[in-house]
Amino acid sequence: MDRRSGAIVLILGLFLAVGGPARADDPQFTLVIKEHRFEPPELQVPAGVKLRLLVKNEDPTPEEFESTELHREKVVPPGQQILVIVGPLDAGTYPFFGDFHHDTAQGKLIAK
Amino acid sequence: MIAVAIIVFREVLEASLIVSIVLAASKGTPRRGLWVTGGIALGVLGACIVAGFAAEIAQAVAGMGQELFNAAILFAAVGMLGWHNVWMGRHGKEMAMEASALGREVAAGARPLYALASVVGIAVLREGSETVLFLYGLAAAGSGGLVNLVGGGAIGIAGGAIVGAGLYLGLLRIPSRYLFSVTSWMILLLAAGLASQGAFFLNQADVLPALGNQIWDTSWLLSEDSVPGRVLHVLIGYVARPEGIQLVFWAATVIILLALMRWFSTAPTRAVTRAAVIISLVSAGVVLAQAAHADFTIHPPIVEYQEFEVEHNGSYTFDPNPANKHNETGTLELGYGVLPWWGTEVEFAWSRAANDPPRRLDEINWENTFELTDQGAYWLDPGIFAEIGKSARVGNSDHFEIGPTLQKEWGNTVHVLNLLLAHGFGPNNDTKSVDFNYAWQSLWTLRQEFKPGFEIFGDAGELDRIRGIRDQQLRAGPVVYGKVGLGSALGELKYGIGYLFGLTHATEKGALKWNLEWEKVF
């Protein structure tokens, strides 16, 4: 290893340094959690752009908005709303669920 | 009750596995029970506090408080685990060499147990706060009553603890002289997995780019929701659909920690370290394109030490479409094997497009090949190829390109695989995406002068939006290489020629490629 690893770490570091910053003027969508269900259960969103998802929890109990496809997991305290930034997405279907109520809290984003 | 138990079990499982690794790693250290118990207790307390302030945390930092909090404590845990391993790398041998049992105990007592205890605390806090929120939610909703809640919670916690205890007892069966190296590897992988989770949250907070939403998808093979999937998620950072940035953090953690462990170590373990570096670099490479210049060149992981070379590569395309009818590319390269494991080349690349006839210099590239192990030392010869390119044309972007290059010799055949990631930068760069391209070469050494075989060159395009295979570039076809010695004073000449068929509609119909090279050791 010795100096090799040094050189390699440097190169990887260079790669890490070249990332893209974020933008804030992206299209916004709202999801409401009510009686452990998402409303609307299916949300049509544009593909290829960053999106802001507002998730409002109108239940008196906490929920966790989670999606393995979208790589997101975020707790939504009771009566609160949270912001989830997703995308840019390829066209397709992205299921999400409420981690504390799997049986009812199911929904999907449809990116077109 | 079962539904409650399952959710609680899932959360407890992760923390419980981490506690077992820490317990096994600190076996034989005085007062470790106290430290670990303290860590768990503080973790439970912290979990309740975090759950209690969930709303405040969620609204903090423009709504990104949860993500940043999670990332911060995850990276704190990574730092603690790293510190523990570096310390053990430095002092572990001294401890083992203490002649008396008392001396060993005194030396072991100096171990940074607070580092491990805080990792236990963080793990319990993270998973515990979700459990607390979940159980609080059930209690608040009054669903199912106290029996449901307490019973389910207890079964879940017991289940998680049993799996953790199983891992701990399994680890204890490892003979003492290997236990330390096994647990330090486990801690290294645990740290890499936590760093990858930290990157996940920083991406969710929109601080880091994803570098590809889903580099691969192995959910059909092992779902992260299954118990084995979750166990591997903790132990090695397994993710069924990883983002590029997660792989970068995973690999960078392994590499940086190994480098630190080695630099501060008194007694390195060479072969294993190398093996791990290779594994992590290969996975990093699979992550880390927009090759501005398609030169159809294979980069083997072999460095010819002290050898000077002058090389020309060229290609000429054929296509019914006038835009691609007769495109021409060419390079002139000067290279030298500076060290036994580092070869470097400067490449001048030019092209002439059918619809833009003047032949012009496109870019100047600095190419580097790092040989990771001595040729033939292992089953596979691994290397890293890295290139920085400066555009010579107005309006074009500069680029980095990096990735693993692997070679396998099998009888008298040689096979090379390149996996390269390219990333544009500079004032004219208009894409943030990473481009992935790959190449394969198989040659059959009939004689040194005549080695027939085939090559494949693919470019998957931008990782952010991988298109169907029809819209990717893919070429494959027969090639012949060979070399002729000119005597020790004059070095040797190498040649190569081939024809690549375009296999997708995004690729031209066919391309002739050639290569000429003169090499001499100085």
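A brief structural summary. (Residues numbered from 1 in each chain as written. Chains lettered and ligands numbered in written order. Predicted model: local features only at pLDDT ≥ 70, side-chain atom pairs only at ≥ 80, totals over all residues. Heavy atoms only, no water.)

## Considerations on the overall build of chain B
Helices and strands together make up the secondary structure of chain B, namely eleven helices and twelve strands. Counting all 522 residues of chain B, 53% fall into the buried class. In the structure as shown, chain B presents an accessible area of about 22,800 Å², 68% of it carried by carbon and sulfur atoms. (Helix = DSSP H or I, 4+ residues; strand = E, 2+ residues; numbered from the N terminus. Buried < 20%, exposed > 50% of the residue type's maximum accessible area, 1.4 Å probe, protein only. Areas by Shrake-Rupley, 256 points an atom, 1.4 Å probe, with all protein chains shown as cover.)

## So, empty space enclosed by the protein
By volume, the largest cavity amounts to about 440 Å³. Contributions of two or more residues to the lining of the largest cavity are made by strand E5 (63-67) and strand E6 (72-76) of chain A together with helix H1 (2-25), helix H6 (113-141), helix H8 (176-204) and helix H9 (227-236) of chain B. When its residues are assigned to classes, the lining of the largest cavity shows four nonpolar, seven polar and 15 charged. Along the walls of the second largest cavity sit 18 residues, with A:Val75, B:Val50, B:Gln66, B:Asn70 and B:Ser129 positioned nearest its centre. If you list the elements that add at least two residues to the lining of the second largest cavity, you get E6 of chain A together with helix H2 (32-52), helix H3 (54-63), helix H4 (65-97) and H6 of chain B. Broken down by element, the residue count for the lining of the second largest cavity peaks at five residues, all from H6(B). (1 Å grid on protein atoms, 1.4 Å probe; cavity = no way out; pocket = protein on both sides within 12 Å on 5 of 7 lines; lining within 4 Å. Points joined across faces, edges and corners; volume = space filled by probe spheres on them. Nonpolar A, V, L, I, M, F, W, Y, C, P; charged D, E, K, R; others polar.)

## As for the pattern of salt bridges
Across all of its chains, the model carries 16 salt bridges over all chains by this definition. Here B:Arg126 and B:Glu127 are joined by a salt bridge, their closest N and O atoms 3.8 Å apart. For B:Arg126, a relative accessible area of 13% puts it in the buried group. The residue B:Glu449 makes a salt bridge to B:Arg447 at a minimum N-O spacing of 3.0 Å. Overall, B:Glu449 belongs to the partly exposed group, its relative accessible area being 35%. We classify B:Arg447 as exposed; its relative accessible area is 54%. By sharing partners, the salt bridges in this structure join A:Glu69, B:Asp217 and B:Arg241 into a single network. (Salt bridge = Lys/Arg side-chain N within 4 Å of Asp/Glu carboxyl O.)

## Considering the sheet that holds strand E8 (residues 434-444) of chain B
Residues and elements named next belong to chain B. If you walk around this closed barrel you meet the twelve strands as E1-E2-E3-E4-E5-E6-E7-E8-E9-E10-E11-E12, and the pairing is antiparallel. Strand-to-strand, the axes of this sheet are offset by a mean angle of 20°, without reference to chain direction. Both strand E3 (residues 342-353) and strand E4 (residues 356-371) contribute to a ladder of eleven bridges, which runs antiparallel. Bridged to Gly343 within E4 is Thr369. (Pairing = 2+ DSSP bridges. Axes fitted to C-alpha atoms, helices over the stretch in contact; angles between N-to-C directions.)

## Section: the pairing of E4(B)
All names here are of chain B. Linkage of E3 to E4, two consecutive antiparallel strands, is achieved through a turn of two residues. The sheet contact formed by E4 and strand E5 (residues 381-391) spans nine bridges and is antiparallel. Paired with Glu363 across the two strands is Ser391, which belongs to E5.

## Quick look at the nonpolar core
Across soluble globular proteins, nonpolar side chains show a tendency to be buried alongside one another. Among the nonpolar cores identified, the biggest contains 65 residues, and B:Ile21, B:Leu81, B:Leu167, B:Leu190 and B:Leu194 are the most heavily contacted of them. The element contributing the most residues to this core is H8(B), with twelve residues. Setting aside residues up to four positions removed in sequence, B:Leu167 forms contacts with B:Leu17, B:Ser20, B:Ile21, B:Met186 and B:Leu235. Counting 22 residues, the second largest nonpolar core, distinct from the first, contains A:Leu53, A:Val55, A:Val86 and B:Ala58. (Core = buried A, V, L, I, M, F, W, Y, C linked by side-chain atoms within 4.5 Å. Contact = heavy atoms within 4.5 Å.)

## Description of the sheet that holds strand E1 (residues 28-34) of chain A
All names here are of chain A. Taken in spatial order, the four strands line up as E2-E1-E4-E7 in an open sheet, and their pairing is mixed. Strand pairing shows two members of the sheet lacking a second neighbour, strand E2 (37-39) and strand E7 (81-86), which therefore form its edges. Taken over all neighbouring pairs, the strand axes of this sheet differ in orientation by 25° on average, direction set aside. Pairing analysis gives six bridges linking E1 to strand E4 (residues 51-57), with the strands arranged parallel. Considered in E4, the bridge of Val32 is made with Lys56.

Keep in mind these numbers describe shape, not what the thing actually does.
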